[in-house]
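Each chain, written out:
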Amino acid sequence: MSEGALKEKELGNQAYKKKDFDTAITHYKKAIELDPTNLIFHTNLAAVYFEMKNLDECIKECSTAVEVGREQRADFKLIAKAYNRMGSAHRKKGELEAAKTAYEKALTEHRTPEYRQNLSEVESAIKKAAEEAYINPELAEQEKQKGNECFKKGEFADAVKYYSEAIKRNPADAKIYSNRAACYTKLTAFDLALKDCDKSIELDPSFVKAYLRKGNVLKAMGQTQKAMDVYEKAMEIDPNNAEAKQGYKDCAVKQYSGGSSDPEEVRKRAMNDPEIQQIMTDPAMRMILEQMQSDPQAVSEHLKNPEIMRKIMKLKDAGLISMQYR
């Protein structure tokens, strides 16, 4: 590196730091004239063009830097830096595939966490762009209908295939995830079914069917308490949902009976439940229960309150109380 070229480079660096880009360009170009064999002058000039958003010139200088570096057998780290800068310019232009290629070449020359991160980010952006380009709600509906037909015929594996394609075409439709969950349940792939139910609920927290399907899966897995919690959530959304009520009742009976038909044993098991203990020691609930004993018709009025209904139903399903009302 000639002394004159080095001096021009330092003047260029000073101007660059001050964001005096035109002056920096003048000095870097002068350095290149004085010593055309040094790739650093080209990568520095490329950095100025990048800051000025003159991305085409940035890419051109990076390419020249690589060529000069190859000819002069320059340090591979310097060549990697030129490729990385080239990748960043392509990325800023939205040329993701070209950016990916440049980042891959940078990593071939020198592997650093920064270069790996850049490649990972641009690969994610390419994948996201492809997924977004694939979205088509109309085609998603067609695939969903094919899945519905297969489900009706008991062809659950084929239904999964069609529902999966529908999800790719419209990943924001909660119902498709719920439908696929139903297929996974039939195929006893319970973990996959739960995952789809959770995604469906995430997309539409008021979609009762997703809660019902999740409750059914948990019940089938023997996770009774978790299933009851889910059915309870479904009843909060739709208090009159018969399937949610029946699912909750089935779980409650199973949980508290423990396989026993002895009423006294069932009651003992129920009283070991901390929530039931809390309900039975709550003064307000005790007053309500006493009122129900003297006036069975009062239960209709109390059931209008969702929280009281939940507590009464829990006691009833545990076998601790019975209700007779019209």
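Anyway, here's the lowdown on the structure attached to this text. (Residues numbered from 1 in each chain as written. Predicted model: local features only at pLDDT ≥ 70, side-chain atom pairs only at ≥ 80, totals over all residues. Heavy atoms only, no water.)

### Structural notes on the overall build of the protein
Note the cut-off: In this description a helix means any DSSP run of H or I spanning at least four residues, a strand means any run of E spanning at least two, and both kinds are numbered starting from the N terminus. Burial here depends on accessible area, computed with a 1.4 Å probe over protein chains only, as a share of the maximum for the residue type. Under 20% is buried, over 50% is exposed, and the range in between is partly exposed. Contact between two residues is taken to exist if any of their heavy atoms lie within 4.5 Å; hydrogens are not considered. Computed by Shrake-Rupley with a 1.4 Å probe, the accessible areas treat only the displayed protein chains as cover when residues are assessed. Positive charges come from Lys and Arg alone, negative charges from Asp and Glu alone, with His and the N- and C-terminal ends not counted. For the purpose of locating charges, the reference atoms are NZ of Lys, CZ of Arg, CG of Asp and CD of Glu.
The secondary structure content of the protein amounts to 19 helices and zero strands. By principal-axis analysis of the C-alpha atoms, the protein measures approximately 105 × 50 × 30 Å. Expressed as a percentage of the 326 residues in the protein, the buried residues total 42%. At a minimum sequence separation of 6, the contacts of the protein that also span at least 24 residues come to 51%. A total of about 18,300 Å² of accessible surface is found on the protein, and carbon and sulfur atoms cover 49% of it. In the protein, 54 positive and 53 negative side-chain charges are present, and the distance between their average locations comes to 2 Å.

### Observations regarding the pattern of salt bridges
The condition is simple: A side-chain nitrogen of Lys or Arg and a carboxyl oxygen of Asp or Glu constitute a salt bridge if their distance falls within 4 Å.
Within the structure shown, the criterion is met by 17 salt bridges. Two residues, Glu202 and Lys199, come together in a salt bridge whose shortest N-O distance is 3.4 Å. Remark: Lys199 and Glu202 occur in helix H11 (residues 190-203); sequence separation between them is three residues, near one turn of the helix. Relative accessible area serves as the criterion here: at 57%, Glu202 is assigned to the exposed category. The class of Lys199 is partly exposed, set by a relative accessible area of 28%. One salt bridge in this structure joins Lys311 and Asp282, with 3.9 Å as the shortest N-O distance. In this pair, Lys311 is assigned in helix H19 (residues 306-317) and Asp282 in the loop between helix H16 (274-281) and helix H17 (283-294), connecting sequence segments 29 residues apart. A relative accessible area of 24% means that Asp282 is categorised as partly exposed. It is possible to trace a salt-bridge network through shared partners that takes in Asp56, Lys93 and Glu95.

### Remarks on the packing of aromatic side chains
So the rule is basically this: Between 30 and 60 degrees the pair is tilted, below 30 it is stacked and above 60 it is edge-to-face, where a pair is any two Phe, Tyr or Trp rings, Trp via its six-membered ring, whose centres lie within 6.5 Å. Distance and angle both matter: a charge sits over a ring if NZ of Lys or CZ of Arg is within 6 Å of the ring centre and within 35 degrees of the ring normal.
Enumeration according to the criterion identifies two aromatic pairs in this entry. Note on Tyr16 and Phe21: the rings are 5.9 Å apart at their centroids and 55° apart in plane angle, and the pair reads as tilted. The exposure class of Phe21 is buried, given its relative accessible area of 16%. Ring centres of Phe151 and Phe156 lie 5.3 Å apart, and the angle between their planes is 65°; this geometry places the pair in the edge-to-face category. The ring of Tyr162 carries the charged tip of Lys161 above its face, separated from the ring centre by 5.1 Å. Directly above the aromatic system of Tyr134 lies the positively charged group of Arg169, at a separation of 3.6 Å from the ring centroid.

### Comments concerning the packing of helix H12 (residues 208-220) against helix H13 (residues 224-237)
Helices that pack against each other are described as a pair by the angle of their axes relative to one another and the distance between those axes. We count it as follows: Only the stretch in contact is used when fitting a helix axis, every axis being a line fitted to C-alpha atoms; angles between N-to-C directions are given from 0 to 180 degrees. Any angle from 65 to 115 degrees is called roughly perpendicular, while one under 35 is roughly parallel, one over 145 is roughly antiparallel, and all others are oblique. Handedness of a crossing follows from how the near helix is turned relative to the far one, being left-handed for an anticlockwise turn of less than a right angle and right-handed for a clockwise one.
Where H12 contacts H13, the axes come no closer than 8 Å and their chain directions differ by 165°. When the axes of H12 and H13 are compared, the pair comes out roughly antiparallel. Between H12 and H13 the crossing geometry is left-handed. Together, Val208, Tyr211, Leu212, Lys214, Gly215, Asn216, Leu218 and Lys219 of H12 and Lys226, Ala227, Val230, Tyr231, Lys233, Ala234 and Ile237 of H13 make up the contact between the two elements.

### With respect to H13
Selection criterion: The span expected for a helix works out to 1.5 Å for each residue beyond the first.
Here H13 contains 14 residues, and its C-alpha end-to-end distance of 20 Å stays within 8% of the 20 Å for a straight helix at 1.5 Å per residue. Of the residues making up H13, those classed as buried are Thr224, Ala227, Met228, Val230, Tyr231, Glu232, Ala234 and Met235.

### Description of helix H1 (residues 3-17)
Applicable threshold: Here the arc refers to the directions that run from the helix axis out to each C-beta atom.
Taking 1.5 Å as the rise per residue, H1 with 15 residues should run 21 Å; its terminal C-alpha atoms sit 21 Å apart, in good agreement. For H1, every residue scored as buried is listed here: Ala5, Glu8, Lys9, Gly12, Asn13 and Ala15. Seen along its axis, H1 keeps its buried residues to an arc of 165°; they face one direction. Across from the buried face of H1, at angles greater than 90 degrees, the exposed residues are Glu3, Lys7 and Lys17. Along its buried surface, H1 packs onto helix H2 (21-34) and helix H3 (39-51). In the stretch just after H1, Lys19 is the one whose phi turns positive, near 65°.

### Quick word on the state of the cysteines
Keep this limit in mind: Cysteine sulfur atoms are paired as a disulfide whenever they fall within 2.5 Å.
Under the counting rule described, the total for this entry stands at zero disulfides. Cysteine Cys150 remains unbridged, with the sulfur of Cys183 as its closest cysteine sulfur at 8.5 Å. Using a relative accessible area of 8% as the deciding quantity, one classes Cys150 as buried. Unpaired in this structure, Cys197 has its nearest cysteine sulfur neighbour in Cys183, at a distance of 11 Å. On the accessibility criterion, Cys197 (1% relative accessible area) is buried.

### So, the environment of Val208
Structurally, the position occupied by Val208 is in helix H12. Put simply, Val208 and Ser88 are 120 residues apart on the chain and 47 Å apart in space, counted from C-alpha to C-alpha.

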